[in-house]
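Working through the structure, step by step
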Amino acid sequence: MATAAGRTVTREAIAGARAAIAGVAKRTPVLPSLTLSERAGAEVVLKAENLQRTGSFKIRGALNKPAALGDACARGVTAGSAGNHAWAVAQAARVRGVPCEVFMPDGAPIAKAEGCVGLGAVVRYVGDSVDDAVAAARERADEAGMAFVHPFDDPDIVAGQGTLGAELLEDVTDLAKVIVPLGGGGLASGSAMAIKSKRPDVEVVGVQVDTFAPYPESLRRGVPVKVAAALTIADGIAIKSPGELTLPLVREWLDGVVVVPEDDVAEAIVLLMEKAKLVVEGAGAVGVAALLGGQVAPAAHGTTVVVLSGGNIDAGLLATVARRHESEAGRRLVLVSRVPDRPGALAGLLSLVGEAGANLVDVAHVREGVDLHVRETVVQLVLETRSREHAADVLRAVRDAGYEARTLYGASA
């Protein structure tokens with residue numbers, strides 16, 4: 001397809017990209033999911049790009065672009081990214097033996113930055129969004145005579161990402177629907193083109209997170225519409241505006257775009273970790289969130305594929321998401337109680353909690369900012385419980401023993 005900008009993405013380009021990335025990019029597995037199939041009431045499988053080299057689908061486009069450039073990237077490459085594209089470009093630069101400088105927003109995931117450094121790339125932080133990083137990378141490329149590699153708005157990148165769709169056609173014989181994360185649009189449009197050029201009956205639906213969702217309004221207006229920067233758990237698809245190339249491609253090839261809440265994405269991360277034994281980042285989990293949240297229905301006949309686009313999540317964030325899930329499920333109780341400030345008072349409360357079957361995770365004294373008698377203290381207990389009902393039982397036992405207690409999380413106050 002030729003866009004208004006005159007740039008072209010074709011099925012032939014996607015076929016050529018498969019040859020360009022062979023030997024470096026993995027053919028990632030398609031994994032069955034009994035849990036998702038049962039909850040959705042249909043056959044659901046997972047395309048595990050979180051197991052891809054450098055931890056995301058981005059290596060596909062990042063390998064294809066330097067191959068298309070040839071000697072034009074001899075002086076090195078630059079890229080702006082939330083992390084996954086930068087990591088992939090660093091890998092591609094190492095494969096070709098050329099220098100690499102990558103630009104990331106302030107606060108980009110540590111794991112992604114460290115991955116780039118480990119491959120020999122120079123990492124620079126700039127601005128608060130991917131757009132800022134892309135602009136800085138483009139400026140550096142012009143200044144140093146390096147080749148700039150856009151994260152999505154480039155025909156060679158789109159063709160490279162489209163190789164994922166070509167694999168799905170071969171690996172899922174009864175392919176009926178594909179649910180794919182949508183950031184800039186390279187993966188979604190490239191995969192949709194590869195699939196629907198041969199199987200127009202297959203539905204392809206893109207998913208954005210509600211804090212960063214420029215596509216619905218951009219598609220409605222027919223021009224790229226920019227959204228404000230915001231905190232998001234799905235940093236890998238946190239793009240302020242669609243590209244001039246990818247917006248018309250998404251409009252032509254995708255069957256729809258939906259938006260999911262941040263909280264649902266967090267729950268999807270935990271479900272994939274607990275049930276599928278897969279570590280998936282927020283951007284990679286949006287498809288599962290859409291399926292479970294009902295924004296996308298599975299295909300009535302045939303197989304629905306959910307693309308897990310990446311797995312590069314910082315360990316600290318993963319722990320935070322897991323703790324939040326435990327609290328939401330009632331397996332974590334935060335209890336605040338006023339106790340006499342004398343020897344043995346806290347021990348008595350802790351003994352009572354232990355007898356009720358709760359496990360103490362943390363305890364803290366709070367003496368400032370609350371109205372206390374000089375001989376009193378407030379203690380905050382973080383407890384592990386078996387269920388929401390058990391948490392309520394623990395709270396009841398504490399109150400029945402005469403303690404003034406309230407909860408910050410985990411049981412009815």
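The structure contained in this document is the topic of the report that follows. Note that the structure is predicted; figures quoted are calculated from it, not measured.

Reading the values: rules and limits
For every chain, the first residue of the written sequence is number 1, and numbering continues from 1 onward in sequence order. Per-residue local features are limited, in this predicted model, to residues with pLDDT of at least 70; the limit for side-chain atom pairs, both in listing and counting, is 80 or more; totals at the level of whole chains, interfaces and linings are taken over all residues. By convention in this description, side-chain values take in all heavy atoms of the structure and omit both hydrogens and water. The pairing criterion is simple: DSSP has to find at least two bridges between the two strands. Helix and strand assignments follow DSSP, with helices taken as H or I runs no shorter than four residues and strands as E runs no shorter than two, numbered in order from the N terminus. Only the stretch in contact is used when fitting a helix axis, every axis being a line fitted to C-alpha atoms; angles between N-to-C directions are given from 0 to 180 degrees. Contact criterion: two residues are considered in contact whenever any of their non-hydrogen atoms come within 4.5 Å of each other. Computed over the protein atoms alone on a 1 Å grid, cavities are sets of points where a 1.4 Å probe fits but cannot get out and pockets are open sets with protein on both sides within 12 Å along at least five of seven lines; a residue lines them when it has an atom within 4 Å of a point. Grid points are joined across faces, edges and corners, and a volume is the space filled by probe spheres set on the points. Three classes are used: nonpolar for Ala, Val, Leu, Ile, Met, Phe, Trp, Tyr, Cys and Pro, charged for Asp, Glu, Lys and Arg, and polar for all others, with Gly counted as polar. Note on terminology: angles under 35 degrees are roughly parallel, angles over 145 are roughly antiparallel, angles of 65 to 115 are roughly perpendicular, and the others are oblique. Here a crossing is taken to be left-handed if its near helix is turned anticlockwise relative to the far helix by less than a right angle, and right-handed if that turn runs clockwise.

**Observations regarding the sheet that holds strand S2 (residues 43–48)**
Hydrogen bonds between backbone groups are what pair the strands of a sheet, and the pairing can be parallel or antiparallel. If you trace the 6 strands from one edge of the open sheet to the other, you get S1-S2-S10-S7-S8-S9, paired in mixed fashion. Either end of the sheet is taken by a strand with one partner, and the two such strands are strand S1 (30–32) and strand S9 (256–260). Put simply, the sheet's adjacent strands are angled 30° from each other on average, direction ignored. One ladder, built from 5 bridges, connects strand S8 (residues 203–209) with S9; its direction is parallel. From the neighbouring strand, Val209 faces S9, where its bridge partner is Val260. Relative to the sheet, helix H13 (residues 282–293) contacts S2, strand S7 (175–181), S8, S9 and strand S10 (303–308), its axis offset from that of S10 by approximately 150°.

**Some thoughts on the layout of surface pockets**
The space that makes up the largest pocket amounts to roughly 520 Å³. What lines the largest pocket is a set of 27 residues, and nearest its centre among them are Gly107, Pro109, Leu231, Thr232 and Asp235. No other element matches helix H14 (residues 315–328), which puts 4 residues into the lining of the largest pocket. Broken down by class, the residue content of the lining of the largest pocket amounts to 15 nonpolar, 6 polar and 6 charged. The volume enclosed by the second largest pocket comes to roughly 240 Å³. Taken together, 14 residues make up the lining of the second largest pocket; nearest its centre are Asp131, Val134, Arg138, His150 and Phe152. Class assignment of the residues belonging to the lining of the second largest pocket gives a composition of 6 nonpolar, 3 polar and 5 charged.

**Looking at the sheet that holds strand S4 (residues 100–104)**
With parallel pairing, the 4 strands of this open sheet are ordered in space as S5-S4-S3-S6. At either margin of the open sheet sits one strand with a lone partner, and together these are strand S5 (122–125) and strand S6 (147–148). Relative to S4, strand S3 (residues 77–80) runs parallel, the two sharing 4 bridges. Across the sheet, Thr78 pairs through a bridge with Glu101, a residue of S4. Here helix H6 (residues 130–144) sits on the sheet and contacts S3, S4 and S6; the angle it forms with S3, its principal contact strand, is near 165°.

**Comments concerning the packing of helix H4 (residues 84–96) against helix H5 (residues 110–118)**
As a packed pair, H4 and H5 sit with axes 9 Å apart at the nearest point and diverge in direction by 10°. One element, H4, and the other, H5, form an angle in the roughly parallel class. Contacts between H4 and H5 involve Asn84, Ala86, Trp87, Ala90 and Arg94 from the former and Ala111, Lys112, Gly115, Cys116 and Gly118 from the latter. Residues of the contact of H4 with H5, tallied by class, amount to 5 nonpolar, 3 polar and 2 charged.

**Here we look at the packing of helix H3 (residues 59–69) against H4**
Relative orientation and spacing of two packed helices are given, respectively, by the angle between their axes and the distance between those axes. For the pair H3 and H4, the least separation of the axes is 8 Å and the interaxial angle reads 40°. In this view, H3 runs oblique relative to H4, as classed from their interaxial angle. The way H3 lies across H4 gives a crossing that is right-handed. Residues Ile59, Ala62, Leu63, Pro66 and Ala67 of H3 form the contact with H4, whose own contacting residues are Ala88, Val89, Gln91, Ala92, Val95 and Arg96. Across the contact of H3 with H4, the residue classes break down as 9 nonpolar, 1 polar and 1 charged.

Keep in mind these values describe shape, not function.
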